[in-house]
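Examining the three-dimensional arrangement
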Amino acid sequence: MSVLVLVLAVSAACCLGFGFVLQQNAAQRAPLNDFLSFRLLVDLMKVPRWLGGIGLMVAGMALGAAALGQGELSLVEPLLATNLLFALALSRRQTRQSLGRQGWAGLLLLAGGVTAFIVAGEPQGGAATADPTRQWLIIGAMTGLALLLTTHAKRSRLSSGPVLLALAAGLLYGVQDALTRVSGEKFSQGGFAELMTGWQPYAVLALGVTGLLLVQSAFETASLRKSLPALTAAQPLAGIICGVGFLGDRLRTDAVALSWEAGGLLAVVAGIILLGLHPCMPTGAVQRATVGQLQPQTR
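Residues numbered from 1 in each chain as written. Predicted model: local features only at pLDDT ≥ 70, side-chain atom pairs only at ≥ 80, totals over all residues. Heavy atoms only, no water.

This next bit is on the overall build of the protein. A tally of regular secondary structure across the protein gives 11 helices and zero strands. Each helix (α) and strand (β) of the protein, taken in turn from the N terminus, gives the series α-α-α-α-α-α-α-α-α-α-α. A total of 299 residues make up the protein; the buried ones form 52% of that total. Within the protein, contacts between residues at least 6 apart in sequence are counted, and of these 88% link residues at least 24 apart. Carbon and sulfur atoms make up 66% of the accessible area of the protein, which totals about 13,200 Å². (Helix = DSSP H or I, 4+ residues; strand = E, 2+ residues; numbered from the N terminus. Buried < 20%, exposed > 50% of the residue type's maximum accessible area, 1.4 Å probe, protein only. Contact = heavy atoms within 4.5 Å. Areas by Shrake-Rupley, 256 points an atom, 1.4 Å probe, with all protein chains shown as cover.)

In this section: the pattern of salt bridges. A side chain with one charge may pair with a side chain of the opposite charge, provided their charged atoms come close. Here the structure, examined in full by the defined rule, presents five salt bridges. Salt-bridge contacts for Arg181 lead to Glu185; the nearest nitrogen and oxygen are separated by 3.4 Å. Of the two residues, Arg181 and Glu185 both sit in helix H8 (residues 161-196), four residues apart, roughly one turn of that helix. We note a salt bridge from Asp254 to Arg252, for which the minimum N-O separation is 3.2 Å. (Salt bridge = Lys/Arg side-chain N within 4 Å of Asp/Glu carboxyl O.)

The next subject is a nonpolar patch on the surface. Residues Phe187, Phe192, Met196 and Tyr202 make up a contiguous nonpolar surface patch of roughly 430 Å² in combined accessible area. Looking at the nonpolar patch element by element, the count peaks at three residues for H8. Inspection of the secondary structure puts Met196 in helix H8. (Patch = residues over 30% accessible without salt bridge, like charges linked within 9 Å, V, L, I, M, F, W, Y side chains within 5 Å.)

As a further point, take the confidence of the model for the protein. Taken residue by residue, the protein gives an average pLDDT of 84. The fraction at 70 or more is 90%. Segment residues 285-299: pLDDT under 50, and 37 contacts once partners within four positions in sequence are set aside and those in other chains are kept. (pLDDT = per-residue confidence, 0-100.)

Moving on, we get to the side chain of Thr232. Along the chain, the position of Thr232 falls in helix H10 (residues 224-246). Within the structure, the side chain of Thr232 is placed 2.8 Å from the backbone oxygen of Leu228, a separation counted as a polar contact. (Polar contact = N/O pair within 3.5 Å; in protein donor to acceptor, adjacent residues only side chain to side chain.)

Tallying each qualifying case throughout the model produces three aromatic pairs. Both rings, one in Phe20 and one in Phe219, keep their centres 6.2 Å apart while their planes meet at 75°; by these two values the pair is edge-to-face. Of the two residues, Phe20 is situated in helix H1 (residues 3-27) and Phe219 in helix H9 (residues 200-221); the sequence distance between them amounts to 199 residues. Classification of Phe20 as buried rests on a relative accessible area of 4%. (Phe/Tyr/Trp six-rings, centres within 6.5 Å; stacked < 30°, edge-to-face > 60°.)

Attention shifts here to helix H4 (residues 73-80). Among the eight residues of H4, eight are classified as buried, and the element is accordingly described as predominantly covered. Residues Leu73, Ser74, Leu75, Val76, Glu77, Pro78, Leu79 and Leu80 constitute the buried set of H4.

The subject of this paragraph is unusual backbone geometry. Only a minority of non-glycine residues have a phi that is not negative, and only a minority of peptide bonds are not trans. Although it is not a glycine, Glu122 sits at a positive phi angle of roughly 45°. Topologically, Glu122 is positioned in the loop between helix H6 (100-121) and helix H7 (132-155). Glu122 gets classed as partly exposed once you look at its relative accessible area, which sits at 40%.

Here it is, written out as structure tokens:
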């Protein structure tokens, strides 16, 4: 594994984790009637803390794109999942909770699972599949499942809705990461002109905006404990499926390697759940306004 890819991916995870905490701090105070409406993003733009969180998120996405330009999606995605460790670190500073057994267990499961998957799978790049049917089938399945989750979330927005929205956003972000890598390859081959003639960069933008709306709606209606684990778990799984499915990423497929890869991914998900449910994560003592605009927050 390239040291450069490791540094870029972990730096991206750091920015994303810190950014998610700041975004949720602001979004939890948004009016409930902004749920799944672009008015939510307009209102949040008036909140300095949210803008700071978005700035960190953009920086994280840029660093992640740079990592994807240097390494395989199946390698970068598990590393990006460590954003929860950085979110936990910032939340712990805010709540002054100790890490405890649950925190250490989650940390070891997440870090160990990522290591096990990468070492056992030995992700390698390859030529993207020439079969467009497979590409559209995978992208269609991911976006279709995200749509179904979002539709159901509208009916249960204060119960299971936030988890479903976070899962949907994670699926979209995984597809976005795959198309970001494709866009980077097109840019490398033919420059800006080649990039803008394809549909991929426009899809990246559309997926990014839609995912952002879903995430902020999840942050608005539930605590970080409820939404962030689902988002963090869904994104790498979707990204790995896209990487292997139509980007030509190759993983070891012998019985021993597959067992370690599956065990590593299960450990990652278990670690994400333990860390997401840690007491130091904000419980979301939400102060919502039913009407009016958000008031700027400077702290």
